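# Descriptive structure summary
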Amino acid sequence: MSLFSRRDFLHSLALFGVSAPLLRRALAQVPPTRTLVTIFLRGGVDGLSMVQPIGDPKLAALRAGLIAKGPALDSFFCLHPALSALAPLYQRQQLAVIHAVGQARPSRSHFDAQDFLESGLAGQRGHDGYLNRALQQLGPAEGQPFRVVALQNSLPMSLSGEAPALALPSLADFKVPGGSLGVATFDSLYEEAVDQALRSTGHDAFEGVEQTGALAALAPKNGASYPKSPLGKRLQDLARLVHGGVGLRLAATEATGFDTHLAQGAESGTLANRLKDLGECLAAFAADLGPRLDEVTVLTLTEFGRTARENGTRGTDHGTASAMFVLGGGVRGGRVVSDWPGLDDAHLFEKRDLAVTTDVRAVLAEALEHSLQVRGVFPDFTPAKLGLF
Amino acid sequence: MSVCLGACATAAPPVPAKVAPSVRLPEGVPLDVTHLLNRAAFGPSPADVERVQRLGVAAWLDEQLAPGVDPKVEHRLSGFKTLQLTVAQAYEAYPPPKQRLKELGIDPALAKTDEAVKEQVKALRKDEKDTLPRELLIEATQAKLHRVIQSQRQLEEVLVDFWFNHFNVSAEKGRTRWMVTAFEREAIRPYVLGRFRDLLGATAKHPAMLMYLDNWQSVRDGFEPKGKQKDKLPHGLNENYARELLELHTLGVDAGYTQLDVREAARALTGWSLEREKSGEFGKFLFRAQAHDTGPKRIFGLEVPAGGGQSDGEALLDFVARHPATAHHLALQLCQRFVGDEPPAALVDRVAAEFLRTDGDLRATVRTIFESREFWSPEAMASKTKTPLEFVASAVRAVGQLDEVQQPLAQVLERMGMAQYRCGPPTGYSDLARPWVSAGALVTRINFGLQLAAGRVRGVDVALPPAGSAPAATIDAVSLRVLGRLPSAQTRGVIEHALRARAEETGDEQTTTANPQLIAGLLLGSPEFQKQ
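Just so you know, the residues in each chain are numbered from 1, in the order the chain's sequence is written. The lettering of chains begins at A and the numbering of ligands begins at 1, in the order of writing. pLDDT decides what is reported in this predicted model: residues at 70 or higher carry local features, side-chain atom pairs at 80 or more are listed and counted, and totals for whole chains, interfaces and linings draw on all residues regardless. Note: side-chain values were computed over all heavy atoms of the structure, leaving out hydrogens and water.

### Description of the overall build of chain B
Inclusion rule: A helix here means a DSSP run of H or I that spans at least four residues, while a strand means a run of E at least two residues long, and both kinds are numbered starting from the N terminus. With C-alpha atoms as the basis for the radius of gyration, the globule rule is written as 2.2 Å multiplied by the number of residues raised to the power 0.38. With a 1.4 Å probe rolled over the protein chains alone, any residue whose accessible area is under 20% of its type maximum counts as buried; one over 50% counts as exposed, and the rest are partly exposed. With residues, only the protein chains shown are counted as cover, and all accessible areas are computed by Shrake-Rupley using a 1.4 Å probe. Charge counting treats Lys and Arg as positive and Asp and Glu as negative, with His and both chain ends excluded. Charge positions come from single atoms, namely NZ of Lys, CZ of Arg, CG of Asp or CD of Glu.
Helix and strand content of chain B: 27 helices and six strands. Over its C-alpha atoms chain B spans a radius of gyration of 25 Å, differing by no more than 12% from the 24 Å that the globule rule assigns to 532 residues. Across its three principal directions, the C-alpha atoms of chain B cover 80 × 70 × 40 Å. For chain B, the proportion of its 532 residues judged to be buried stands at 58%. Accessible surface, chain B: about 21,700 Å² in total, of which carbon and sulfur atoms supply 52%. Placing the 65 positive and 66 negative side-chain charges of chain B at their respective mean positions leaves the two points 3 Å apart.

### Some details on the overall build of chain A
Stated formally: When checking whether two residues touch, look at their non-hydrogen atoms; a contact exists if any pair is within 4.5 Å.
Counting its regular elements, chain A contains 12 helices and 11 strands. Relative to the 2.2 N^0.38 estimate, which gives 21 Å for 389 residues, the radius of gyration of chain A is 22 Å and therefore close to what a compact globule would have. By its C-alpha atoms, chain A is 70 × 45 × 35 Å across when sized along the principal axes. Within chain A, the proportion of its 389 residues that are buried is 60%. In chain A, 71% of the contacts between residues at least 6 apart in sequence involve partners at least 24 apart. Carbon and sulfur atoms form 53% of the exposed surface of chain A, whose accessible area is close to 14,500 Å². Where the 36 positive side-chain charges of chain A centre and where its 39 negative ones centre are 5 Å apart.

### Focus on the interface of chain A and chain B
Worth spelling out the cut-off: Here the buried area means the combined drop in accessible surface, using a 1.4 Å probe, for two parts upon being joined, counting both sides. By salt bridge we mean one thing: a side-chain nitrogen of Lys or Arg within 4 Å of a carboxyl oxygen of Asp or Glu. Any pair of nitrogen or oxygen atoms within 3.5 Å is treated as a polar contact; in protein, a donor-acceptor pairing is required on top of that, and neighbouring residues in sequence qualify only through side-chain atoms on both sides. When residue character is reported, Ala, Val, Leu, Ile, Met, Phe, Trp, Tyr, Cys and Pro are called nonpolar, Asp, Glu, Lys and Arg charged, and the others, Gly included, polar.
Between chain A and chain B, the residue contacts involve 47 residues of the former and 53 residues of the latter. In total, about 3,900 Å² of surface goes out of reach between chain A and chain B, with carbon and sulfur atoms giving 64% of it. For the chain A face of the interface with chain B, the top three residues by lost area are A:Phe111, A:Leu181 and A:Leu189, together amounting to 17%. On the surface where chain A and chain B come into contact, there are two salt bridges. The residue B:Lys531 makes a salt bridge to A:Asp195 at a minimum N-O spacing of 2.3 Å. Between chain A and chain B we count five residue pairs in polar contact (both at pLDDT 80 or more) in total. Within the residue set of the side of chain A that touches chain B, elements represented by two or more residues are α6 (110–119), β6 (166–167), α8 (183–191) and α9 (196–212) of chain A. When residues in the side of chain A that touches chain B are grouped by element, the largest group, eight residues, is from α9(A). In the side of chain A that touches chain B, the residues fall into 22 nonpolar, 15 polar and 10 charged.

### So, the packing of aromatic side chains
All names here are of chain B. Our working rule: Pairing of aromatic rings covers Phe, Tyr and Trp, the last counted by its six-membered ring, and requires centre-to-centre distances within 6.5 Å; plane angles under 30 degrees mean stacked, over 60 mean edge-to-face, and any other angle means tilted.
One pass over the structure, following the stated rule, counts 24 aromatic pairs over all chains. When the centroid spacing of 4.9 Å and the interplanar angle of 65° are considered together, the rings of Tyr 91 and Phe 282 count as edge-to-face. Taken together, the residues Tyr 91 in helix α5 (residues 87–93) and Phe 282 in the loop between β1 (272–274) and β2 (285–287) connect sequence positions 191 residues apart. With respect to class, Tyr 91 is no different from Phe 282; both count as buried. On the numbers, 5.5 Å between centres and 75° between planes, the contact of Phe 338 with Phe 370 is edge-to-face. Taken together, the residues Phe 338 in helix α17 (residues 324–338) and Phe 370 in helix α19 (residues 362–370) connect sequence positions 32 residues apart. Judged by relative accessible area, which is 0%, Phe 338 ranks as buried. Note on Phe 370: relative accessible area 1%, which makes it buried.

### What to know about a positive patch on the surface
All names here are of chain B. Heads up, the condition is: Patch building starts from residues that exceed 30% relative accessible area and form no salt bridge, then joins like charges within 9 Å and nonpolar side chains (Val, Leu, Ile, Met, Phe, Trp, Tyr) within 5 Å.
Taken together, the side chains of Lys 122, Lys 126, Lys 129 and Arg 134 make up a positively charged region of the molecular surface. Residue placement: Lys 126 occurs in helix α8 (residues 115–127). The exposure class of Lys 126 is exposed, given its relative accessible area of 66%.

### Considerations on the nonpolar core
Considering soluble globular proteins, one finds that nonpolar side chains tend to be buried as a cluster. Operational definition: The definition of a nonpolar core used throughout is a set of buried Ala, Val, Leu, Ile, Met, Phe, Trp, Tyr and Cys residues joined through side-chain atoms within 4.5 Å.
Counting residues in each nonpolar core, the largest one holds 222 residues, and the members touching the most others are A:Phe285, A:Phe325, B:Trp163, B:Phe196, B:Leu409 and B:Phe448. In terms of residue count, helix α11 (residues 270–289) of chain A provides more of this core than any other element does, 10 residues in total. Ignoring anything within four residues of it in the chain, the contact list for B:Phe196 reads B:Trp163, B:Phe167, B:His249, B:Thr250, B:Ala321, B:Thr326, B:Leu330, B:Phe355, B:Gly360 and B:Leu362. Counting 39 residues, the second largest nonpolar core, distinct from the first, contains A:Ala96, A:Leu250, A:Leu299 and A:Leu368.

### As for the pattern of salt bridges
Residues and elements named next belong to chain B. In this structure the tally under the stated criterion is 56 salt bridges over all chains. In this structure, Asp 214 and Lys 173 form a salt bridge, with 2.8 Å as the shortest nitrogen-oxygen distance. Of the two residues, Asp 214 is situated in the loop between α13 (207–212) and α14 (240–249) and Lys 173 in the loop between α10 (154–166) and α11 (180–188); the sequence distance between them amounts to 41 residues. Of the residues examined, Asp 214 reaches a relative accessible area of 0% and is grouped as buried. For Lys 173, a relative accessible area of 23% translates into the label partly exposed.

### Structural notes on the pairing of strand β4 (residues 95–102) of chain A
Residue and element names in this part refer to chain A. Short version of the rule: Here, any two strands with at least 2 DSSP bridges between them count as paired.
Along β4, eight of the eight residues are buried, which leaves the element largely enclosed by surrounding structure. Here β4 runs beside strand β9 (residues 322–328); their pairing, made up of six bridges, is antiparallel. Counterpart to Ile 98 in the pairing with β9 is Met 324. Both β4 and strand β10 (residues 336–337) contribute to a ladder of two bridges, which runs parallel. Bridging across to β10, Val 97 finds its partner in Val 336.

### Thoughts on α10(B)
Note the cut-off: One fewer than the residue count of a helix, multiplied by 1.5 Å, yields its expected span.
When the terminal C-alpha atoms of α10(B) are compared, their 18 Å separation across 13 residues agrees well with the 18 Å that a helix rising 1.5 Å per residue should span. Burial analysis of α10(B) places 13 of its 13 residues in the buried class, the great majority of the element.

### Describing the packing of α10(B) against α17(B)
All names here are of chain B. Applicable threshold: To define axes, lines are fitted to C-alpha atoms, for helices over the stretch in contact only, and angles between the resulting N-to-C directions are given on a 0 to 180 degree scale. Angle categories: roughly parallel below 35 degrees, roughly antiparallel above 145, roughly perpendicular from 65 to 115, and oblique for all the rest. In this scheme the handedness of a crossing depends on how the near helix is turned from the far one: anticlockwise by less than a right angle means left-handed, clockwise means right-handed.
Between α10 and α17, whose axes approach to 12 Å, the crossing angle comes to 130°. It follows that α10 is oblique to α17 by the angle criterion. Between α10 and α17 the crossing geometry is right-handed. Here Leu 155, Val 158, Leu 159, Asp 161, Phe 162, Trp 163 and His 166 of α10 come into contact with α17, specifically with His 329, Leu 330, Gln 333, Leu 334, Arg 337 and Phe 338. Partitioned by chemical class, the residues of the contact of α10 with α17 number eight nonpolar, three polar and two charged.

### Observations concerning the environment of B:Gly340
Residues and elements named next belong to chain B. With respect to the helices, strands and loops of the structure, Gly 340 is situated in the loop between α17 and α18 (345–357). For Gly 340, a relative accessible area of 9% translates into the label buried. Each C-alpha atom, one on Gly 340 and one on Lys 384, is 5.8 Å from the other, the two residues being 44 residues apart in sequence. Sequence-distant contacts of Gly 340, defined by excluding residues within four places in its chain, comprise Arg 39, Cys 335, Ser 383 and Lys 384.

### A short note on α8(A)
Of all nine residues making up α8(A), seven are buried, and the element is well covered by its neighbours. Three or more residues of α8(A) are buried, namely A:Val183, A:Thr185, A:Phe186, A:Asp187, A:Ser188, A:Leu189 and A:Tyr190.

### Some thoughts on unusual backbone geometry
All names here are of chain B. We note that Asp 214 has phi near 70°; this positive angle belongs to a residue other than glycine. The backbone phi angle of Tyr 421 is positive, close to 65°, even though this residue is not glycine. Along the chain, Tyr 421 turns up in the loop between α21 (407–415) and α22 (439–453).

### A closer look at the confidence of the model for chain A
We apply this condition: Per-residue confidence from the predictor is given as pLDDT, running between 0 and 100.
Taken residue by residue, chain A gives an average pLDDT of 88. The fraction at 70 or more is 91%. Segment residues 1–31 of chain A: pLDDT under 50, and 28 contacts once partners within four positions in sequence are set aside and those in other chains are kept.

### Some remarks on a negative patch on the surface
All names here are of chain B. Among the surface-exposed residues, Glu 504, Glu 505, Asp 508 and Glu 509 lie close enough to one another that they form a single negatively charged patch. Relative to the elements of secondary structure, Glu 509 occurs in helix α25 (residues 509–512). Given the relative accessible area of 54%, Glu 509 is considered exposed.

### Digging into the packing of α8(A) against helix α24 (residues 489–506) of chain B
At a closest axis distance of 10 Å, the pairing of α8(A) and α24(B) adopts a crossing angle of 170°. By the angle between their axes, α8(A) is roughly antiparallel relative to α24(B). When you trace α8(A) past α24(B), the crossing you get is right-handed. Here α8(A) contributes A:Thr185, A:Ser188 and A:Leu189 to the contact with α24(B), which in turn contributes B:Gln490, B:Thr491, B:Val494 and B:Ala498. When the residues that make up the contact of α8(A) with α24(B) are grouped by side-chain class, the tally is three nonpolar, four polar and no charged.

Here you go:
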């Protein structure tokens, strides 16, 4: 059976004014399942500023110009003040922090560190990304073009590989004119494409176009208000897909601007602006989802942390361990999960960076198992049990 | 200010001493003009197809590899206000809004809080909207599109795009906004057919690079700035440029250097800085001897003795520019651009050898690629996926003439994730297919193609072959124009079917079944047109 018959069927339903939820049920019996959302904070987030170890006696001497105390998380850690939107989620135990987390074989090159992390192979580039390997285990996604979505301009390395995945900048952009010179003709042209990547990408594109129309205009629920930033728009679109029940299991998006070599700032400044956006976006997403947040787990990732010491230009250089947030779906929140290494010279990695005591793959492995019931996407790696969920 | 045309736009290029010999093409391989123009140009345009056919492939390549200017394009761009400005002139004529307020005695802090001042500022911004810094980027992007679409110096434009991307700087970072236009004009364009060492040196000393990768602020350990601004001045080493110099610009990440080599390289480059805004010569290269680390350095086998100054950095650039790892890294990237995402290793080795043999003569290096059998092989043809820039430029070149670049044309690149002069990471944009093949990107390309062919992209005049006697003949004629070849039987069949269905819907059989614009719109969005 070709695509056409299914699509024609959908068109005829739409003509009779059948609503989106009905269409959805007609499409497939999508079981209520969990969704994993990863947000890659590109540039290397200064974890020591994002979640500050104010109880560490060495902190003040290392970076007097970068400390800004915000809401306390426990007797040792506090949030950056620009992240205060996250404090209520932490208090409601919907948010956990993981600190001194990073890669087993770190690199201080953005491009290496991002690729290593997204490959999930510790110090190597692979042919596919760890999220794609998770998808491969989920089996074929026929009829669910939105089972996985990268809400950004292009597919990140973590999602590239054999399993098809969809990248789109926004839901609103995702349409092709209908009629005989529109989507049906392109569908036929791409069905015969010689280039395999174009053929499967075309297939996903035209399936997806069918489903997004009504969702793109859905207003935020529960009075949620998103910052008008790229991340805000992307998370709002992700919430729409969750509300639309299109079978979203895995989503990836990203935010940039965390490479703060210069004039990083404390209460205010470059980093504070970026963190404020992140905190408000996450808080809005949680509010928008409401009770559905139980079905969604959000992780923030970054390629590396930054130097423990302030550099010569009132910023920080590329470092090693950083911090992560885990929000929503069944997380045992309200705590900072960390085997704190200490900031004295003897414990700094190469005498300059916060050392890694938690392998980021252990966090990812638990989130993948909890959300997707998928195991073993990190070859030659036995994750330590963190008990995040 | 004067606008500089013709010879003075190319006054600086160091031309290798000997006259380049004529390109020697491999024998016994079909010389496919569409393939040539897809790689050595931004796709076939009717005028360039005609020119290659008239001159022959070797003579056309000779012409492209020789220095020259396209007077028509230069004339077209002479009306632009910002393309020839120095960094200091650009900064003076298009000042940051906050600074403009200070000049007028308005406290920028009040502009946020005081309603009356807010109104005053709003009115001012409206009056002076043509001197806002964003004009610099708008003009730079428009000029870029003019050149890649219209210039007869197509290979030079491909190389300018390649090398700018190789030495990427982004207008999004601080004062770099006032520098990207000058960077392309002063540090990239004059050298793309010259020597790599000169290109490397020009980028290393250009304010855009010094600013974008922070080296202007990198000073020796223990340096204490003096004067009343001292708290605002840098104190300490910044490794950012040194790292990207080794990883991206020269040796490549797998060359085997260590974190210590990066640090030693950064020490060698301490003091490489620039004149500040108030100096009257903003952006001019400046070596700050007091900030330079004069100790000995050892960088990946290079010994730099103690007591040096600016020469330490020059010695480092000499060393990395001629290193075999650099030759291999650059050869691989050039072959990925011109031949395929996974180019044959033997070709990469030959191109690297030519680079080393000629002491980094980029004309000879590029010529080696066009002289290879691998370039003309069936495996290379239509094997690469177009980047968004290549897609947009080749689409406009195929269907018509660019009259004027208006914002929608510039913005479509941004929507496709390839905003010009604003690529944040120092890697630049990828030349490979993977990052650009996504459902979202495909939908954007399809929509752009339909709008372009229908004449709905402002500034582009569409001129397609006329409708023929039968739909199939029209499809073939338009396909020859758009794809540079006849369509596959399947594509022809799908389009014929679509046109018939359309004619039935509209009842207007005559015009619809053979409408060249409809056909071109479908072809621009087809999988064949996404390849090159």
